[in-house]
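Structure at a glance
Take a look at the letters that make up each chain.
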Amino acid sequence: MMLAVLNFKNLVDFEEQLQFLDDLSHADVQVDLKISPTLPVPNDFENFEIISQNLTIKERTVGEISPSVLHHLNISTSFIGHLERRKSLNEGLLIVRKRLENALENDIKPIISVGQYSNLELVTEELDILLKDQPITKPIIIAYESLASTEMGRALYSIDEIRDVHNKIREFMTTHYPAIDYQLILGGHMDEVGSPIANAIGYDGVLIGDRYHTLASFQPVLNVLNNLSR
Ligand SMILES: O=C[C@H](O)COP(=O)(O)O
């Protein structure tokens, strides 16, 4: 089954997000759909999973989402170091590692985002910095994102480029982290055209941002994702 992660960002009106969730709860969803609203809401929908956009570090701090909050909401998956968050808040990889440690310690499945640099070697270097010596014994999700595409609002990559990234990450994981069970997803202006291409290349799923604010606008993408999952 195809994995699809839908990430509403902070500029999307929250009432609109709640309406979208409610509409989706009545929709035909065949894909493994995970959705992160700006504010986590209880994970009690039947046809999709609510996930978190962020998870705090272990030390005492203020204004961030703790594992305890997620457990209370029955949420068990969280983004760890989403690329745009890292860039706009100037967060380095060391703090992302601390978030990952907290996720692993509290049984929260991490969606680890990579793609800070477009250079292929640097993608696996970034991944290595995050994964090194982390006690990962349960499945994780790795999201490669073409950050420039998200920022520019159009697909800036060629099929060859996203295939190279896919092959490079798979090869890197097999060689360096053979024991880690992971799904690899692709983000960066993914839509009804890009999703089948990502699937054909071998990505396990797609990461989709805040371009769709209603079920009606998302429906063409959902139809394609449902078909890919059948
Ligand atoms: O979290 C989502 C990613 O940033 C992708 O966003 P996008 O689909 O608008 O490119």
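Read on for an overview of the structure. Here the structure is a predicted model, which is why all the values come from computation and not from measurement.

Moving on, we get to the sheet that holds strand β4 (residues 77–80). Spatially, β3-β2-β1-β8-β7-β6-β5-β4 is the arrangement adopted by the 8 strands of the open sheet, whose pairing is parallel. Unpaired on one side and paired on the other, β3 (49–50) and β4 mark the two borders of the sheet. Bridge count between strand β7 (residues 182–187) and strand β8 (residues 205–208): 3 bridges; the pairing is parallel. Looking across to β8, one finds that Gly187 is bridged to Leu207. Helix α5 (residues 120–131) contacts β5 (109–114) and β6 (140–145) of the sheet and is inclined by roughly 145° relative to β5.

The next subject is the site of the ligand. In the vicinity of the ligand, the residues found are Asn7, Lys9, His82, Glu84, Glu145, Thr150, Gly188, His189, Leu207, Ile208, Gly209 and Arg211. Between the ligand and the protein, one listed contact pairs an oxygen atom with a side-chain N or O atom of His82 at 2.7 Å. A distance of 2.7 Å separates an oxygen atom of the ligand from a polar side-chain atom of Thr150. Summarising the interface, the protein chains cover 98% of the accessible area of the ligand, which totals 300 Å² for the free molecule. For the shell around the ligand, the per-class residue count stands at 2 nonpolar, 6 polar and 4 charged.

The rules behind each value
- Residues numbered from 1 in each chain as written.
- Predicted model: local features only at pLDDT ≥ 70, side-chain atom pairs only at ≥ 80, totals over all residues.
- Heavy atoms only, no water.
- Pairing = 2+ DSSP bridges.
- Helix = DSSP H or I, 4+ residues; strand = E, 2+ residues; numbered from the N terminus.
- Contact = heavy atoms within 4.5 Å.
- Axes fitted to C-alpha atoms, helices over the stretch in contact; angles between N-to-C directions.
- Near = heavy atom within 4 Å.
- Polar contact = N/O pair within 3.5 Å; in protein donor to acceptor, adjacent residues only side chain to side chain.
- Areas by Shrake-Rupley, 256 points an atom, 1.4 Å probe, with all protein chains shown as cover.
- Nonpolar A, V, L, I, M, F, W, Y, C, P; charged D, E, K, R; others polar.

Function cannot be read off these values alone, since they describe shape.
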